[in-house]
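# Fold and geometry: a report
What follows is each chain in one-letter form.
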Amino acid sequence: MTDYGHDLLFGTFLTPSAAAPERVVALAQQTERAGLDLVTFQDHPYQPGFLDTWTLLSWVGAVTSRVTLAPNVANLPLRPPAVLARAVASLDRLTGGRVELGLGSGAFWDAIAAMGGPRRTAGQGVDALTEAITVIRALWDTEQTGRLDLPGDYYPVAGAKRGPAPAHPVGIWLGAYKPRMLRLTGTAADGWLPSLGYLSSLDDLAEGNRRIDDAAQAAGRPVTAVRRLLNLNGQLTARASDRLLVGPPEQWVEQLATLAVQYGISGFILAADDPALIDPYGQEIAPAVRELVAAAR
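Residues numbered from 1 in each chain as written. Predicted model: local features only at pLDDT ≥ 70, side-chain atom pairs only at ≥ 80, totals over all residues. Heavy atoms only, no water.

## Quick word on the environment of T121
With respect to the helices and strands, T121 occurs in the loop between α4 (109–114) and α5 (122–140). Residue classification places T121 among the partly exposed positions, given a relative accessible area of 45%. When the C-alpha atoms of T121 and W109 are compared, they prove to be 8.9 Å apart, with 12 residues separating the residues in sequence. (Helix = DSSP H or I, 4+ residues; strand = E, 2+ residues; numbered from the N terminus. Buried < 20%, exposed > 50% of the residue type's maximum accessible area, 1.4 Å probe, protein only.)

Pasting the structure below:
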């Protein structure tokens, strides 16, 4: 259990519903007005009930001015990394450096295959993601001269032109749970982005941190090179409870501060399609957590 010392980020994880596009855009704008730092959307291109995530991110980028935008997480099998690299860099430049890249190895393979994408095993998914990170970073690296040649089993690049570079150093945050993905996070990523609902207990956070730290150190990286973020669900209630993030604001503050100081979490991304939850999260809870963590540090 450790605190990696990163500045704290708070954001929302919004459902990109195609049935009410104006509502999800309004929630993103409310996120910004509430003082939160991030707006994120899940990415399931095979889901007809959802808006296309990259189109939505671009639209939201145009109607906001401060909040950071990220897919949570981008579906790599249906978004080839060379094209994704240019999409990310383009939106980052258009928004003045407000984009980060959540990235996953893929899931729901039947649905991916139905859309013309590959069907991969879990191991192949990790291998493909490893190649993809290399491709994305290389295409962003415009300080290197010459065209890009990268051999690969999944994403070979032969003579590609580099660029454009993003407006700022875009972080690559991996949605990772299993040992190989956690090792990849430690060796090659800038952030770890799991969802609390997919963890069996908070002990999984401690174990994930240990695996990431071991991999980072083996690769010669400081453990602080990897930011730890967490997708959360919660409910504001009048009465306190023994459940995580089910209670009044002061309970949330104490529990989120514990996640920061004892489990190293510095990005708290709340699944919040309820507008009544966004304002207190941004205006009351987030500032109090920052104050409590600062005092603990």
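## Section: the UniProt feature "domain: Luciferase-like" (unreviewed entry) in the protein chain
Under the local residue numbering, the UniProt record ascribes the feature "domain: Luciferase-like" (unreviewed entry) to residues 17–230. Helix makes up 42% of residues 17–230 and strand 14%, with an end-to-end C-alpha separation of 22 Å. (UniProt positions renumbered as here; feature names shortened; annotations may be inferred.)

## Notes on the nonpolar core
L101, L103, L232, L256, F268 and Y281 are the most contacted members of the largest nonpolar core, which totals 76 residues. Among the elements that take part in this core, α5 stands out by supplying 10 residues, more than any other. Dropping the residues within four chain positions of it, L256 is found in contact with F10, L232, L245, F268, Y281, I285 and V289. Grouped together as the second largest cluster of nonpolar side chains are eight residues, L9, L38, A70 and L229 included. (Core = buried A, V, L, I, M, F, W, Y, C linked by side-chain atoms within 4.5 Å. Contact = heavy atoms within 4.5 Å.)

## Notes on the packing of helix α2 (residues 53–63) against helix α3 (residues 81–94)
Running from amino to carboxyl end, α2 crosses α3 at an angle of 10 degrees, the nearest separation of the two axes being 11 Å. Our classification of the angle between α2 and α3 gives roughly parallel. Note on packing geometry: the crossing formed by α2 with α3 is left-handed. On α3, the residues that touch W54, L57 and S58 of α2 are L84, A87, V88 and L91. (Axes fitted to C-alpha atoms, helices over the stretch in contact; angles between N-to-C directions. Parallel < 35°, antiparallel > 145°, perpendicular 65-115°, else oblique. Left-handed = near helix turned anticlockwise from the far one by under 90°.)

## Let's talk about the pairing of strand β1 (residues 9–14)
Burial runs high along β1: six of the six residues are buried. Covered by surrounding structure in β1 are L9, G11 and F13 together with F10, T12 and L14, the residues of both alternating faces. Bridging between β1 and strand β13 (residues 267–271) involves five bridges; their strand directions are parallel. Paired with F10 across the two strands is F268, which belongs to β13. (Pairing = 2+ DSSP bridges.)

## Some words on helix α8 (residues 249–263)
With 15 residues, α8 extends 20 Å from end C-alpha to end C-alpha; this agrees with the ideal 21 Å at 1.5 Å per step. Residues of α8 that are buried: P249, Q251, W252, V253, Q255, L256, A257, L259, A260 and Y263. Immediately beyond the C-terminal end of α8, within one or two residues, lies G264, with a positive phi of roughly 75 degrees. (Expected span 1.5 Å × (residues − 1).)

## As for the packing of aromatic side chains
For the structure shown, the criterion picks out five aromatic pairs. Ring geometry for F10 and Y281: centres 5.9 Å apart, planes at 75 degrees, overall edge-to-face. Separated by 271 residues along the polypeptide, F10 in strand β1 and Y281 in helix α9 (residues 275–296) bring together distant segments of the chain. Neither F10 nor Y281 differs from the other in exposure class; each is buried. (Phe/Tyr/Trp six-rings, centres within 6.5 Å; stacked < 30°, edge-to-face > 60°.)

## What about the packing of helix α1 (residues 21–33) against α9?
Direction vectors running N to C along α1 and α9 enclose 20 degrees, while the axes themselves pass 9 Å from each other. Regarding the angle of α1 to α9, the classification is roughly parallel. Where α1 crosses over α9, the two elements pack in a sense that is right-handed. Residues R23, L27, Q30, T31 and R33 of α1 form the contact with α9, whose own contacting residues are P275, I278, D279 and Q283.

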